[in-house]
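Architecture at a glance
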Amino acid sequence: MTNKPNLQRIRFSDVAQGQRFFDPVSAEYFIKQSESLAAMVTGIGDGTIPDEFESDDIVGIEQ
């Protein structure tokens, strides 16, 4: 059994570019690439295909 990390909820706009975050909608981790794009790095994502996020989307970062 694996422990889930303790996640702090923040807005996508507050995530630093290059920072890894958790998206609760897809239940996957992403890395922020720009003010509106991030690439999935878990699951089927290999970090190469960007996905759009709204600045006020709530995501989680590890504490």
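Look above for the structure.
Here goes a summary of the coordinates provided. (Residues numbered from 1 in each chain as written. Predicted model: local features only at pLDDT ≥ 70, side-chain atom pairs only at ≥ 80, totals over all residues. Heavy atoms only, no water.)

Examining the side chain of Asp23
- As for its position among the elements, Asp23 is in strand β2 (residues 20-23).
- Within the buried core, Asp23 has no salt-bridge partner, and the shortest N-O distance to an opposite charge, that of Arg9, equals 11 Å.
- In this view, Asp23 contacts Glu28, Phe30 and Phe53; residues no more than four positions away in its chain are not counted. (Helix = DSSP H or I, 4+ residues; strand = E, 2+ residues; numbered from the N terminus. Buried < 20%, exposed > 50% of the residue type's maximum accessible area, 1.4 Å probe, protein only. Lys, Arg positive; Asp, Glu negative; His and termini not counted. Salt bridge = Lys/Arg side-chain N within 4 Å of Asp/Glu carboxyl O. Contact = heavy atoms within 4.5 Å.)

Some remarks on the packing of aromatic side chains
- Under the criterion given, the structure shown has 6 aromatic pairs.
- Centroid distance Phe12 to Phe53: 4.9 Å. Interplanar angle 15°. Geometry classified as stacked. Of this pair, Phe12 sits in the loop between β1 (7-11) and β2 while Phe53 is found in the loop between β5 (50-52) and β6 (58-62), placing the two residues 41 residues apart along the sequence.
- Since its relative accessible area comes to 0%, Phe12 is described here as buried. (Phe/Tyr/Trp six-rings, centres within 6.5 Å; stacked < 30°, edge-to-face > 60°.)

Side note on the pairing of strand β3 (residues 28-32)
- Of the strand pairs in this sheet, β2 and β3 are connected by 4 bridges, and their pairing is antiparallel. Paired with Phe21 across the two strands is Phe30, which belongs to β3.
- Count of turn residues in the β2/β3 antiparallel hairpin: 4 residues, of which Ala27 carries a positive phi of about 60°.
- Pairing of β3 with strand β4 (residues 37-40), which is carried by 3 bridges, proceeds in the antiparallel orientation. Paired with Lys32 across the strands is Ala38, a residue of β4.
- The hairpin formed by β3 and β4 contains 4 residues between the paired strands. (Pairing = 2+ DSSP bridges.)

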